[in-house]
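Now for the letters of each chain:
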Amino acid sequence: MSNPLLTVAGLGKRFGGFTALTDVNLIVAEGERLGLIGPNGSGKSTLVNCLCGTLRNDMGKVTFDGHALNGMSAHRRTRLGMARSFQLPRPFTTLTLAENIRVPILYAANVKTSGQAIDPRQRCEALLDMVGLLPKADLKPADLTQIEMRKLELARAMASDPRLLIADEAMAGLSHQEVDEILELLIKLNGQGVTIIMIEHIMRAVLAFSQRLVVLVAGRKIADGVPQDIIRQPDVVAAYLGS
Amino acid sequence: MRNAYFILAALAVAAVTFAVARSIDNAYVFFAGYVVLQYIVLATAWNILGGFCGYVNFGIAAFFALGAYTTVVLHKTMPFLPLPAMMLAGGVVSGLIGLGMGYLTLRLRGTFFSIATLAMAVVAQTMITNWNFVGGSRGAYIIRPADSPIFSGDYIQYLFVVMLALSVISVSLARAIQFSRLGFGFSAIRDDEGAAEASGVPTLKLKLIATALSGGLMGMAGAPLPYYVTYLDPASGFSLSYAVNTIAMPLIGGTATWLGPLIGAILLGTLQQVATVTISSALSLLLVGVLLVTFVIAAPKGIVGWFKK
Ligand SMILES: Nc1ncnc2c1ncn2[C@@H]1O[C@H](COP(=O)(O)OP(=O)(O)OP(=O)(O)O)[C@@H](O)[C@H]1O
Ligand SMILES: [Mg+2]
């Protein structure tokens, strides 16, 4: 594939005495669909937080689209084109769904230098429609089910018009059919040029989605390559099934 | 355009208010009305940071009193300045203090932020108390001019009009913010700062805008105070009742919109004025306490919240 969009070099993160991430190296190419897997507590969400600026990494370097990100605030990273969904949905609870989507449209999508300003209302409707929440546009997040909340989370991430989307377990708890819907959606977005990192425990979805698979175990990257090969690697199998 | 219409309507309401007050022809109406208007400004200003952004500021008295003391300084050094110019100066001083306070404390959340603002009020009061030029703990006397400089009537009517104008400005500003991009950013900060950042909202910058605006308006509300009371000492300028009232009014009216603080200030401010005259001023503070507790328990979204849904 083409140029690297995201480069992670020697990334490390500690919480007090606990080391959550150790020397993580990763290159994501423009347009790629990457699956990131690992057992519970292996550091996947922590990695996302370090990439997106929600947490500061203690060691290593992150480069996105040629920009060194170290020390950059989260909102500037979003404006550069990185978007993420939160594993536990974090909607703006006093705003309606439409207004939730409007925030990144106003503060990220319409701030980017390239391209002309989009009409917030139209874009907002299109995004809610995309995840099937348009009929609920004027409701508050409290009126949604957990599953709808995840869809809102995804729509809000997309609303910033990202070049890289990181979906942190967007499918957990969804039914078989809903998983397929979200999968289809993500693959469609990827077809439109959005690079996607998908974090997921549902193997069926990961395998259907990923062109490449990265495995984290206890804060270290233990595998990186073609999905079908990776899942047969003995250490990966051991990490998942317990050795 | 919507903003322009609103300002016109607000000006019309203000004009009617003044005309009605004039027709009653009793100086007390202006004395009492001034206090209610002052609280409209304070409550609205507080709500920009407290209601819109969710940062509860307990240091209201500091911003308010620093505006008032700016006037004391200017009255001694440049007595020829018109009151609106002094108010602007008071607004700038308190706005800058707000900016500084924001920069130092906005990394704190919740209760910690609130305590920091309270501490700042104590520091400001201590500094003023030890500053002899503005009278120190003895206080300062300011001679109130006899007549209004711009229309026929006494000076208290002029103070009333000035505060009426500031109310129109504050409420219009708060309303404009609520429906603007800035307002969406503030709401996002209030609900979830991390998610706001992830959505591209520059949270620190927006919070600084809010503290500066909020503090600046409070300073402007305090600037005419020396002419109103004619004797200002730190104990009265920094009085706790300003903070209590200013927080109670938006909570009772509703903090989510520009309308809540306005309703709360008119309702509670008027009630207090009536209670002060008819019974006692101690009762008026008790009234605030009782109403506040009632609302926090029975109607946490305030009066405005009642009518929605
Ligand atoms: N803010 C924090 N403070 C202290 N420890 C943390 C913090 N965030 C995460 N951790 C710890 O870091 C480790 C990695 O957590 P992380 O959430 O990144 O795992 P994960 O791979 O996303 O797991 P899951 O699949 O359950 O979502 C865990 O042991 C967790 O307890
Ligand atoms: Mg996780």
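Preceding block: the structure.
From a predicted model like this one, the values you see are computed outputs, not experimental measurements. (Residues numbered from 1 in each chain as written. Chains lettered and ligands numbered in written order. Predicted model: local features only at pLDDT ≥ 70, side-chain atom pairs only at ≥ 80, totals over all residues. Heavy atoms only, no water.)

1. What about the interface of chain A and chain B?
Reasoning step 1: Taken together, the contacts link 21 residues of chain A with 19 residues of chain B.
Reasoning step 2: Together chain A and chain B conceal approximately 1,700 Å² of surface at their shared face, both sides included; 59% is due to carbon and sulfur atoms.
Reasoning step 3: Three residues, His 75, Phe 92 and Tyr 107 of chain A, lead the burial of chain A against chain B; their summed loss comes to 36% of the area buried on that side.
Reasoning step 4: Linking chain A with chain B are one salt bridge, by the criterion used here.
Reasoning step 5: For Asp 192 of chain B, the salt bridge goes to Arg 90 of chain A, with nearest N and O atoms at 2.8 Å.
Reasoning step 6: Run the count over chain A and chain B and you get ten residue pairs in polar contact (both at pLDDT 80 or more).
Reasoning step 7: Looking at the side of chain A that touches chain B, the elements that each hand over two or more residues are α2 (74–80) and α3 (97–109) of chain A.
Reasoning step 8: Here the element with the most residues in the side of chain A that touches chain B is α3 of chain A; it accounts for seven residues. (Contact = heavy atoms within 4.5 Å. Buried area = accessible area lost by both parts, 1.4 Å probe. Salt bridge = Lys/Arg side-chain N within 4 Å of Asp/Glu carboxyl O. Polar contact = N/O pair within 3.5 Å; in protein donor to acceptor, adjacent residues only side chain to side chain. Helix = DSSP H or I, 4+ residues; strand = E, 2+ residues; numbered from the N terminus.)

2. Quick notes on the sheet that holds strand β10 (residues 220–225) of chain A
The pairing of strands in a sheet comes from backbone hydrogen bonds and takes either a parallel or an antiparallel form.
Residue and element names in this part refer to chain A.
Reasoning step 1: With mixed pairing, the six strands of this open sheet are ordered in space as β6-β7-β8-β3-β9-β10. A single partner strand is all that each edge strand has here, and the edge strands are β6 (82–85) and β10. Pairs of neighbouring strands in the sheet enclose a mean axial angle of 15 degrees, with direction left out of account.
Reasoning step 2: Pairing of strand β3 (residues 33–37) with strand β9 (residues 212–217) involves four bridges; the strand directions are parallel. For Leu 34, the partnering residue across the bridge sits in β9 and is Arg 212.
Reasoning step 3: Helix α6 (residues 176–191) rests against β3, β7 (164–168) and β8 (195–199) of the sheet, and its axis sits at about 155 degrees to β8. (Pairing = 2+ DSSP bridges. Axes fitted to C-alpha atoms, helices over the stretch in contact; angles between N-to-C directions.)

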